[in-house]
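# Summary of the model geometry
Each chain, letter by letter, is given below.
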Amino acid sequence: MKSLTGMLPYGRLILLLIALGLIWQVSSSMLGVPDYYLPGLDSIFSMLHRHPSPFIAGFVRTASEMLLGLGAGTAFGLCCGVALHRFVMLRQMLLPLLVVSQTVPVIAFGALVVMWFGNSLWAKAVIAFYLTFFTITVNTLAGLAAIDPRRISLLRSFGASPGQILLRLQLPMAGPAIFTGLKLAVALSLSGAVVGEWFGDTTGLGVLLLQSMYNEDTVTLWATILLIALLGSLAFALVGVLERWLLFWQPRS
Amino acid sequence: MPQLSIAPTSPARDSTNVKDSTSGEPILRLAGVSKRFAQVTALDDVNIDIHRGEFITVIGPSGCGKSTLFNIVAGLEAPDQGSVMHKGATVGAKGLLGQVSFMPQQDLLMPWRNVLDNAIVAIELEGTPRGQARQRALTMLPEFGLKGFERHYPHQLSGGMRQRVALMRTFLFERELMLLDEPFGALDSLTRTMMQRWLLEIWRRHRRTVLFITHDIDEAIFLADRVLVMSARPGKVKLEQRIELPRPRGTELVTSADFVHYKRVLLEALEEESMKSFAPH
């Protein structure tokens with residue numbers, strides 16, 4: 001049931017974006033802020049309009065790296081979470097190791113990953129994956145641990161197997177926690193993909209950032225930043241839609 | 001709100017029931033069952049025979065090990081000592097899983113399943129195809145006062161209705177022995193009285209054996225063929241009281257002399273135990 005009040009937040013968001021755009025445009029054109037600091041939105045859009053191909057190619061490339069890493073990281077993180085929840089020994093052994101692995105900044109691994117996987121799309125996907133899976137693992141683990149044990153007892157009393165309990169009860173019940181992790185993972189996988197490109201590549205939004213920095217081309221720089229924001233928002237919205245669909249039973253605030 | 005149907009009942013139950021409970025092999029026998037948790041002896045040498053078709057209520061002070069008793073009968077926990085015989089064969093805890101239909105205190109409905117799909121959870125786990133399971137549940141809905149609510153989700157239902165969905169889940173899982181752990185504990189007294197009469201009616205029609213935990217003496221007497229009073233720690237069966245009241249039972253029964261007599265006997269036994277649990281040393 002979509003009511004008018006339900007649509008209100010979207011309306012407000014659009015109004016806010018329009019207002020921000022106006023302030024931006026006014027401050028750059030009328031207050032005389034130099035292009036070097038803040039180019040007008042008009043010059044950014046006309047740049048995107050005149051030379052769309054590097055931006056489109058970059059967007060597609062970065063989006064693929066991100067989605068590959070995010071997808072693999074989510075799948076692996078879910079398996080990790082389930083396995084670590086199930087086997088206490090494994091959890092005691094591996095969890096500290098995983099935590100330590102997350103304290104090493106991804107930049108430290110970046111060069112290594114490029115050497116292993118070449119200057120390919122896969123190298124960036126691996127970096128996005130590395131940043132993603134831990135968040136999913138931890139959130140899955142938390143979600144599974146929070147389930148009322150009496151729910152599990154009830155299904156056991158009906159003769160359910162551990163596999164049935166996992167699929168019919170534990171995973172759906174941990175759904176809200178998993179989605180919390182997934183939303184964090186969206187932002188992480190995007191930075192992973194963008195930063196990964198800095199280790200060397202020829203296409204991608206990260207590459208465009210780097211190139212425009214060297215060329216002191218603020219218009220391209222801002223155009224790229226806006227595209228990265230767009231990519232992140234789209235992915236976030238996609239996860240939001242998925243969440244509403246899968247967790248329709250969740251009370252929403 | 002749909003009305004609970006309390007149809008006129010035949011007195012046929014009584015004669016068969018008394019006979020059932022005194023003859024033949026018990027459907028479940030607990031012999032010398034004990035269970036300890038760290039320093040606490042939850043159950044100590046508990047002996048119970050449950051016969052086919054009986055309605056047994058278990059009453060006792062809080063912390064008397066009633067829930068442990070249920071977990072053992074459901075196969076969720078293994079006794080430290082003693083044995084459990086189910087239908088004449090000694091079984092371990094694993095052997096009891098899936099053999100009795102268990103209803104815990106909380107309804108524990110799955111929030112993503114509607115009324116119909118919550119009711120079929122147990123039989124679906126057994127391997128009944130979903131379509132067939134739903135069909136069976138649909139025919140049972142009116143009896144449980146849930147007709148027209150099959151597509152509702154748990155958060156859209158009242159406490160009494162949720163409890164009826166949970167009961168329906170228990171009944172659909174067709175096992176001879178049903179364990180009901182304070183199913184009406186959270187309901188207001190009016191709803192509770194209605195549910196008790198309704199439960200007796202369903203029980204009469206479906207011919208199951210019921211082991212029913214309660215805190216409420218009136219409820220224990222009103223429902224039961226036999227009331228077991230448990231003692232405070234360690235949990236033992238302190239008193240076994242046969243309830244010889246005619247069935248079907250109506251509200252007027254609660255004020256009858258016989259009922260009051262049973263109540264006095266049980267209250268006395270229970271009070272002694274409650275005092276003990278206040279001052280255990």
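Residues numbered from 1 in each chain as written. Chains lettered and ligands numbered in written order. Predicted model: local features only at pLDDT ≥ 70, side-chain atom pairs only at ≥ 80, totals over all residues. Heavy atoms only, no water.

Residues and elements named next belong to chain B. Pairing between strand S1 (residues 28–37) and strand S2 (residues 40–50): 7 bridges, direction antiparallel. Bridged to Leu28 within S2 is Ile50. Turn length for the S1-S2 hairpin, with the two strands adjacent in sequence and antiparallel, is 2 residues, and the turn residue Ala38 shows positive phi of about 50°. With 5 bridges connecting them, S1 and strand S4 (residues 81–86) associate as antiparallel partners. Residue pairing for S4: Arg29 is matched across the bridge by Met85. (Pairing = 2+ DSSP bridges. Helix = DSSP H or I, 4+ residues; strand = E, 2+ residues; numbered from the N terminus.)

All right, on to the domain arrangement of chain B then. Residue and element names in this part refer to chain B. Its domain assignment divides chain B into domain 1 (12–100 + 177–278) and domain 2 (108–174). Averaged C-alpha coordinates put domain 1 and domain 2 at centres separated by 25 Å. On the side of domain 2, 12 residues touch domain 1, which itself brings 15 residues to the contact. Across the domain 1/domain 2 interface, buried area totals approximately 1200 Å², and carbon plus sulfur atoms make up 72% of it. One can count 1 salt bridge joining domain 1 with domain 2. Ionic pairing is found between Glu143 and Arg205, a salt bridge with its closest N-O pair at 2.9 Å. (Domains from an automatic or database assignment. Contact = heavy atoms within 4.5 Å. Buried area = accessible area lost by both parts, 1.4 Å probe. Salt bridge = Lys/Arg side-chain N within 4 Å of Asp/Glu carboxyl O.)

Tallying the contact residues gives 22 residues for chain B and 18 residues for chain A. Both faces combined, the contact of chain B with chain A buries some 1900 Å², and carbon together with sulfur accounts for 67% of it. Considering only the surface of chain B that becomes buried against chain A, Leu108, Trp112 and Leu125 of chain B emerge as the three largest contributors, covering 38% of it. Inspection of the chain B/chain A interface yields 0 salt bridges. Counting across the chain B and chain A interface gives 4 residue pairs in polar contact (both at pLDDT 80 or more). For the side of chain B that touches chain A, the leading source of residues is helix H5 (residues 121–126) of chain B, giving 4 residues. (Polar contact = N/O pair within 3.5 Å; in protein donor to acceptor, adjacent residues only side chain to side chain.)

Once that is clear, we can look at a nonpolar patch on the surface. Residue and element names in this part refer to chain A. Residues Leu68, Phe109, Leu112, Met115, Trp116, Phe117 and Trp122 make up a contiguous nonpolar surface patch of about 790 Å² in total accessible area. Within the element layout of this structure, Met115 appears in helix H5 (residues 106–117). Residue Met115 is classed as exposed on the basis of its relative accessible area, which comes to 69%. (Patch = residues over 30% accessible without salt bridge, like charges linked within 9 Å, V, L, I, M, F, W, Y side chains within 5 Å. Areas by Shrake-Rupley, 256 points an atom, 1.4 Å probe, with all protein chains shown as cover. Buried < 20%, exposed > 50% of the residue type's maximum accessible area, 1.4 Å probe, protein only.)

Under the definition given, this model contains 14 aromatic pairs over all chains. A ring pair is formed by Tyr36 of chain A and Tyr37 of chain A, whose centres lie 5.7 Å apart and whose planes are at 80°; its orientation type is edge-to-face. Judged by its relative accessible area of 59%, Tyr37 of chain A is exposed. An angle of 40° between the planes, with centres 5.9 Å apart, marks the rings of Phe55 of chain B and Phe212 of chain B as tilted. Here Phe55 of chain B is found in strand S3 (residues 55–59), whereas its partner Phe212 of chain B is found in strand S8 (residues 209–214), with 157 residues between them in sequence. Members of the aromatic cluster, joined through ring pairs, are Phe55, Phe184, Trp203 and Phe212 of chain B. The positively charged end of Arg175 of chain B is found above the aromatic ring belonging to Phe173 of chain B, 4.0 Å away from the centroid. (Phe/Tyr/Trp six-rings, centres within 6.5 Å; stacked < 30°, edge-to-face > 60°. Lys NZ or Arg CZ within 6 Å of the ring centre and 35° of its normal.)

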